[in-house]
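Chain residues, written in single-letter form:
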Amino acid sequence: MRFQPPRLLAATLLATLTAASLHASAAAADYERVLNGTFESGSADPWWSGAGVTNRVTGGELCAAVTGGTTNPWDALIGQNGVPFETGQSYTFSFDARATTAQPVTAAAGESVSPYRGIASQQFALSPEKQRFSFTFTSTLDFPDAGNGQVAFQLGGQPSDNTICVDNVSLVGGVKPPGGVNPNPAKKVQVDLVAYVPGLPKRATLVSTATTAQTWTLKNSAGAAVASGQSTPKGLDATSGDSVHLIDFSSFDTPGTGYTLVVGEDSSFPFDISADPVKRLRYDSLAFFYHQRSGTPIEAQYVGDEYARPAGHLNVAPNQGDNNVPCRADLACGYTLDVRGGWYDAGDHGKYVVNGGIATWQLLNAYERASRIGDATAYRDGSLNIPEKANGVPDLLDEARWEVDFLLKMQAPDGMAHHKIHDANWTALPTRPELDDQPRRLSATSTAATLNLAAVAAQASRLWKSIDPAYSATLLTAARKAYAAAKANPAKLADPNDGTGGGAYSDDTVTDEFYWAASELYATTGDGAYRTDVTGSSHYKAASLNRGGFHWGGTAPLGDITLALAPNGLPASDVSAIRSAFASVADQHLTAMAGMGYAAPYDNSTAGYVWGSNSTVLNNAQVLALAFDFTGTAKYREGVFEALHYVLGRNPLSTSYVAGYGDQAMVNAHHRFWAHQNDPSLPIAPPGSLSGGPNSALQDPVAQRLLAGCPQQKCWVDDIGAYSVNEVAINWNSALAWVSGWAAEKSGTTVARPECEVSFSAGRWNDGLTAQVKITNTGKAAWTSWKLGFALPGTQRVTSGWSATWSQTGRDVTAASLSWNGEVKPGKSVQIGFNGSGSGADPSVFTVNGKTCRTV
């Protein structure tokens with residue numbers, strides 16, 4: 001995901017030096033316009049190198065290895081884009097430089113795109129001894145921050161190879177202060193730009209310094225007032241920098257489109273009151289993954305002509321292909337792998353096991369949760385517009401399998417998994433996948449990647465067991481082999497410096513991945529060895545679950561979620577403790593959200609808003625959703641929708657971070673194909689794509705130039721070059737898919753409450769049990785018949801039963817009513833029971849007529 005972009009400078013950049021005596025009339029401040037001119041961080045970013053030039057930061061200098069034999073100075077370049085210039089203002093360009101072999105070098109300022117107009121240039125004679133150079137000029141062109149302005153060093157026109165090193169590069173001048181610009185206009189009345197679901201709270205934020213309540217009016221699409229009320233002053237909201245009021249218009253619940261909230265002269269963007277948009281989002285967020293498929297054509301019949309493209313990385317020129325990929329040269333692993341398929345991770349063409357792991361797990365978990373305690377019919381065959389939509393397999397599983405199969409291919413002969421596969425160097429922006437001519441390389445195997453493979457393969461084995469038993473067995477074999485390999489190599493960490501051509505994804509703690517993988521293997525197999533690793537982990541019983549949430553580098557809560565949902569042999573009290581932890585952390589989120597101007601389940605107390613903050617918001621929304629699943633408490637459901645409101649526009653930028661959703665939605669995602677901003681022939685981001693969101697660390701040049709000094713929630717801009725705030729990624733969209741799928745399921749007009757209650761007690765001996773089950777109708781309508789469902793953990797099997805028709809397939813048990821006990825009136829109960837063999841814990845989840853029951 002980390003992007004360090006080369007930029008193509010015009011070979012014909014021509015410039016003339018303006019006399020140093022021509023100074024601007026306005027007094028220039030000492031504004032530094034070049035980023036990372038001292039190279040103290042050890043990174044070259046955002047300095048790029050042209051063809052035949054390789055940049056490397058060494059000894060605090062940027063040293064460019066230049067291939068000789070070029071004709072013109074501009075045939076070999078290093079430079080930086082997005083540099084601002086103001087017409088008529090004075091600038092001083094200065095730098096230290098040396099060359100292994102003495103040669104002339106031209107320093108230039110100008111335009112980075114056609115027609116490549118020059119502003120100024122001057123040639124300097126470099127020697128092996130470092131010298132300081134400087135010249136002053138007046139700009140004849142005007143380029144805003146992060147525009148098409150550029151500084152560059154022209155290093156070509158020499159017969160032999162050479163190395164040129166620069167340091168302390170500076171461009172000082174201009175009168176406009178840097179930063180503080182966000183081109184998206186913000187409203188003073190902030191709403192969800194898409195929709196509020198009937199039957200749920202409807203809240204908005206008013207930006208106002210008034211200390212008294214303000215009158216608000218809700219208007220319909222015709223402009224007629226339909227509701228009004230008074231705002232509640234909240235004061236300064238530190239995270240956004242806004243003084244805010246709360247508007248609550250929950251009392252109005254009439255479905256419709258085009259509503260607006262008005263306060264005085266200020267009006268919100270329009271929005272609907274409807275459950276339909278979130279139901280569409282459930283599928284649009286999943287469509288993202290078909291778009292990201294590697295190794296297969298993306299066909300117009302599934303995505304439309306605009307987004308159709310040929311297959312990428314299939315050994316069709318100019319691709320060098322993924323079918324026979326060697327390890328990085330310095331690794332000398334002695335083999336190649338066929339790693340075709342999978343999803344491109346983000347806006348680049350890399351494929352990463354640790355990001356693919358959590359993203360695939362999240363999609364599979366959405367299905368598993370829905371099949372056990374929700375509505376899995378939403379993901380039935382034919383629900384997604386993908387090539388596999390008529391193969392008899394739920395489409396969500398089909399999409400996930402595209403990545404599961406890739407993860408299997410990343411397993412080395414010794415059982416370990418390679419951390420990633422990507423280009424040897426960063427590709428230019430834009431670059432369509434089928435036009436990528438970079439060689440592809442495998443990075444080293446790592447413990448983290450291997451455990452990701454073990455966890456997801458074990459999880460997938462569980463879900464495919466009845467769909468494709470042979471595939472399920474293959475997955476389990478791979479999972480067992482990977483876990484054993486990881487235990488034999490418990491500290492093989494990814495190289496944090498392996499960041500050329502693809503993100504490093506380094507992670508120096510893997511105890512969480514061990515816990516997650518052991519949890520998945522135990523839930524799938526029931527093996528005692530995995531149980532020992534689960535219960536002996538420091539992460540057991542949700543010890544690592546907190547407001548910080550989970551992510552690709554912190555995966556222990558994924559194991560907790562599986563143990564809380566999937567039948568297993570753990571003590572019922574331990575499963576209850578895990579579920580209680582989700583409610584406890586959810587309460588912490590809700591308490592914090594109550595004091596926010598723009599409510600979002602996000603803890604910014606330590607690191608501020610980080611890269612991919614929107615995925616953290618949504619992963620924490622998943623915690624809130626599960627708290628509702630485990631308790632039935634309405635406040636947790638409301639918290640999930642508050643998180644969606646934030647992502648869809650109720651934020652200080654009045655922006656929906658989901659492409660295609662809302663009047664002011666993200667358009668210019670950082671992506672090499674969805675690159676309309678750079679190439680009008682290419683598309684914008686498709687509907688359902690999630691932007692990474694605010695990142696107060698400002699980790700890319702565009703963000704650094706445009707957003708200096710931004711309040712945390714405002715550190716975002718809709719620009720293709722702003723990769724640290726506006727990239728897309730599979731593990732961010734998987735979070736959106738999980739939460740929007742859950743929200744779509746829960747978008748009734750009333751909060752769904754359990755309509756049944758089940759108590760289960762069992763007497764056990766060495767290899768058997770006798771169980772008593774009490775089923776109570778807690779709903780408002782009588783049952784004319786009933787069907788109980790649950791899963792028996794461990795090796796337990798029903799051998800005989802009474803007061804019901806009993807059956808068992810695998811672990812799944814059903815008990816159907818008989819003619820004499822099918823009618824159960826509200827508040828009444830029925831008693832049934834069975835004898836069984838084998839060993840294991842009590843079942844933890846029960847359904848009656850397909851609806852999840854409260855367990856007592």
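What you are looking at is a predicted structure, and each value in this text was computed from that prediction instead of being measured.

### Some words on the sheet that holds strand 29 (residues 768–777)
The 5 strands are arranged 31-34-29-28-37 in an open sheet whose pairing can be described as mixed. Either end of the sheet is taken by a strand with one partner, and the two such strands are strand 31 (797–802) and strand 37 (854–855). In the sheet, strand 28 (residues 756–765) pairs with strand 29 via 10 bridges, with the strands oriented antiparallel. Bridge pairing in strand 29 places Arg764 opposite Leu769.

### Focus: unusual backbone geometry
Keep in mind that most residues, glycine aside, have a negative phi and that most peptide bonds are trans. Of note, the bond from Asp45 into Pro46 is cis; its omega dihedral lies within 30 degrees of zero at 10 degrees. Of note, Pro46 is situated in the segment before strand 1 (48–49). Residue Pro115 is bonded to the preceding Ser114 through a cis peptide linkage, with omega at 15 degrees. On the secondary structure map, Pro115 appears in the loop between strand 6 (103–111) and strand 7 (118–126). Phi at His313 takes a positive value of approximately 65 degrees, unusual for a residue other than glycine. Here His313 falls in the buried class, since its relative accessible area comes to 1%.

### Details of the pattern of salt bridges
Across all of its chains, the model carries 36 salt bridges by this definition. Across the pair Arg132 and Asp96 runs a salt bridge whose closest N-O atoms are separated by 3.0 Å. One end of the pair, Arg132, is in strand 8 (residues 131–138); the other, Asp96, is in strand 5 (residues 90–99), with 36 residues separating them in the sequence. For Arg132, a relative accessible area of 46% gives the class partly exposed. Its salt-bridge partner being Arg293, residue Glu399 comes within 3.0 Å of it at the nearest N-O pair.

### Quick notes on the sheet that holds strand 8
Ordered by their spatial adjacency, 5 strands build an open sheet running 2-3-10-5-8, and the pairing between neighbours is antiparallel. Strand pairing shows two members of the sheet lacking a second neighbour, strand 2 (53–58) and strand 8, which therefore form its edges. Each neighbouring strand pair of the sheet contributes to a mean axis angle of 30 degrees, computed without reference to strand direction. Sheet analysis places strand 3 (residues 61–66) next to strand 10 (residues 162–173), joined by 5 bridges and oriented antiparallel. In the sheet register, Ala64 faces strand 10, and the bridge partner there is Ile164.

### Here we look at the side chain of Asp574
Examined against the element boundaries, Asp574 turns out to sit in helix 10 (residues 572–593). Polar contacts involving the side chain of Asp574 include one to the side chain of Tyr540, which spans 2.7 Å. In this view, Asp574 contacts Tyr540 and Lys541; residues no more than four positions away in its chain are not counted.

### Structural notes on the packing of aromatic side chains
Scanning the entire structure with this criterion turns up 42 aromatic pairs. Considering the side-chain rings of Tyr196 and Phe249, the 5.2 Å spacing of their centres and the 75 degrees angle between planes classify their relative orientation as edge-to-face. In this pair, Tyr196 sits in strand 12 (residues 195–196) while Phe249 sits in the loop between strand 17 (242–248) and strand 18 (256–263), placing the two residues 53 residues apart along the sequence. Accessibility assignment for this pair places Tyr196 and Phe249 in one class, buried. When the ring of Tyr646 is compared with that of Tyr657, the centres are 6.3 Å apart and the planes differ by 50 degrees; the resulting orientation is tilted. With Tyr646 in helix 12 (residues 634–647) and Tyr657 in the loop between helix 12 and helix 13 (701–706), this pair connects stretches of sequence that are 11 residues apart. Across this residue pair, the class does not change: Tyr646 and Tyr657 are buried. Taken together, the ring pairs connect Phe39, Trp47, Phe85, Tyr91, Phe93, Phe95, Phe124, Phe133, Phe135, Phe137 and Phe153 into an aromatic cluster. Above the ring of Phe269, the side-chain terminus of Lys187 is found at 4.9 Å from the ring centroid. Lying across the ring of Tyr471, Arg401 places its NZ or CZ 3.5 Å from the centre.

### Overview of the pairing of strand 32 (residues 805–809)
Residues Trp806 and Gln808 point to one face of strand 32 and are all buried, whereas Thr805, Ser807 and Thr809, pointing to the other face, are not buried. Pairing geometry for strand 32 and strand 33 (residues 812–816), over 5 bridges, is antiparallel. Opposite Trp806, over in strand 33, you have Ala815 as the bridge partner. Between strand 32 and strand 33, which follow one another and run antiparallel, lie 2 residues, and Gly810 among them has a positive phi close to 65 degrees.

Conventions and cut-offs
Residues numbered from 1 in each chain as written. Predicted model: local features only at pLDDT ≥ 70, side-chain atom pairs only at ≥ 80, totals over all residues. Heavy atoms only, no water. Pairing = 2+ DSSP bridges. Helix = DSSP H or I, 4+ residues; strand = E, 2+ residues; numbered from the N terminus. Buried < 20%, exposed > 50% of the residue type's maximum accessible area, 1.4 Å probe, protein only. Salt bridge = Lys/Arg side-chain N within 4 Å of Asp/Glu carboxyl O. Axes fitted to C-alpha atoms, helices over the stretch in contact; angles between N-to-C directions. Polar contact = N/O pair within 3.5 Å; in protein donor to acceptor, adjacent residues only side chain to side chain. Contact = heavy atoms within 4.5 Å. Phe/Tyr/Trp six-rings, centres within 6.5 Å; stacked < 30°, edge-to-face > 60°. Lys NZ or Arg CZ within 6 Å of the ring centre and 35° of its normal.

Worth remembering: the numbers are spatial, not functional.
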